[in-house]
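Observations on chain architecture
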Amino acid sequence: MTSDNLSLSEKLRELRITHGYTQKYIGVYLNITRQGYAHYEKGGRTPDNQTLLQLAALYNLNIDELINTNLITSTLHEETPYSTNDRSNIEKSKMRTSVQPSNSIEHSLLQNFRQLPPHIQLDILEYVKYRLSKCPKQ
């Protein structure tokens, strides 16, 4: 896109394409159908707050960066889907508003988790959900 301002739907499409994701992949990530996600990119629906948080996490952005109409030049550049060349420095410098670790174990887990490709993050999330379902309620 040549414009410096993008609607949320345009930004979601640009981010998805730039990162090499399919609509189906993001639908699975969000636990919705591909068609449901496609409505976000077409502007037919607006993601709720929880979905916006998930999308921001997927693209290593904070919510303000995701919903702001300005183009995100630090993220929308040519790269392979799981490139980490300069992104680790960018990620470290961003303030995370969606999740704040409460102890050193959470901090380490979150820091390492964010360095993994999204498909592995999804595997880990499913495993954590499975483990939670097997744990006795406290």
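Residues numbered from 1 in each chain as written. Predicted model: local features only at pLDDT ≥ 70, side-chain atom pairs only at ≥ 80, totals over all residues. Heavy atoms only, no water.

Scanning the model with the defined rule gives two salt bridges in all. A salt bridge links Lys129 to Glu126, with the nearest nitrogen and oxygen atoms 3.9 Å apart. Taken together, the positions of Lys129 and Glu126, both in helix α8 (residues 118–134) and three residues apart, correspond to about one turn of that helix. For Lys129, a relative accessible area of 46% puts it in the partly exposed group. (Salt bridge = Lys/Arg side-chain N within 4 Å of Asp/Glu carboxyl O. Helix = DSSP H or I, 4+ residues; strand = E, 2+ residues; numbered from the N terminus. Buried < 20%, exposed > 50% of the residue type's maximum accessible area, 1.4 Å probe, protein only.)

Residues Ile120, Ile124, Tyr127, Val128, Tyr130 and Leu132 make up a contiguous nonpolar surface patch of roughly 540 Å² in combined accessible area. Its place among the elements puts Ile120 in helix α8. Classification of Ile120 by relative accessible area gives partly exposed; the value is 31%. (Patch = residues over 30% accessible without salt bridge, like charges linked within 9 Å, V, L, I, M, F, W, Y side chains within 5 Å. Areas by Shrake-Rupley, 256 points an atom, 1.4 Å probe, with all protein chains shown as cover.)

A few words now on α8. A rise of 1.5 Å per residue sets the reference length of α8, with its 17 residues, at 24 Å; its end C-alpha atoms lie 24 Å apart and thus fit the reference within 8%. What α8 keeps buried is the set Pro118, Gln121 and Leu122. Along α8, the residues classed as buried sweep out an arc of 100° about the axis, all on the same side. Pointing more than 90 degrees away from the buried face of α8 are the exposed residues Asp123 and Lys134. Buried residues along α8 sit against α2 (23–30), α4 (49–58) and α7 (104–113). (Expected span 1.5 Å × (residues − 1). Arc of directions from axis to C-beta. Contact = heavy atoms within 4.5 Å.)

Turning next to the packing of α2 against helix α3 (residues 34–42). Relative to each other, α2 and α3 sit at 105°, their axes nearing to 8 Å. Here α2 lies roughly perpendicular to α3, going by the angle between them. Across the interface between the two elements, Gln23, Lys24, Ile26, Gly27 and Leu30 from α2 touch Arg34, Tyr37, Ala38, Tyr40 and Glu41 from α3. Grouping the amino acids of the contact of α2 with α3 by side-chain chemistry returns five nonpolar, two polar and three charged. (Axes fitted to C-alpha atoms, helices over the stretch in contact; angles between N-to-C directions. Parallel < 35°, antiparallel > 145°, perpendicular 65-115°, else oblique. Nonpolar A, V, L, I, M, F, W, Y, C, P; charged D, E, K, R; others polar.)

A few words on unusual backbone geometry. One non-glycine residue, Asn31, adopts positive backbone phi at about 65°. Position of Asn31 relative to the elements: it lies in the loop between α2 and α3. Given a relative accessible area of 71%, Asn31 falls into the exposed group. A positive phi is found at Asn60, a non-glycine position, where the angle reads about 55°. Its place among the elements puts Asn60 in the loop between α4 and α5 (63–67).

Let's shift gears to the nonpolar core. A general tendency of soluble globular proteins is for nonpolar side chains to be buried together. One finds Ile26, Tyr37, Leu55, Tyr59 and Leu66 to be the most contacted residues of the largest nonpolar core, which totals 19 residues. Sorting the residues of this core by element identifies α1 (8–19), α2, α3, α4 and α5 as the ones contributing at least two each. Beyond its immediate stretch of four places on either side in the chain, Tyr37 contacts Leu12, Arg16, Gln23, Ile26, Gly27, Leu30, Ile32, Leu55 and Tyr59. (Core = buried A, V, L, I, M, F, W, Y, C linked by side-chain atoms within 4.5 Å.)

Another point: α2. Most of α2 sits inside the fold, with six of its eight residues counted as buried. Buried within α2 are the following residues: Gln23, Tyr25, Ile26, Gly27, Tyr29 and Leu30. As for α2, its buried residues are in contact with α1, α3, α4 and α8. Just beyond α2, the residue with positive phi is Asn31, at close to 65°.

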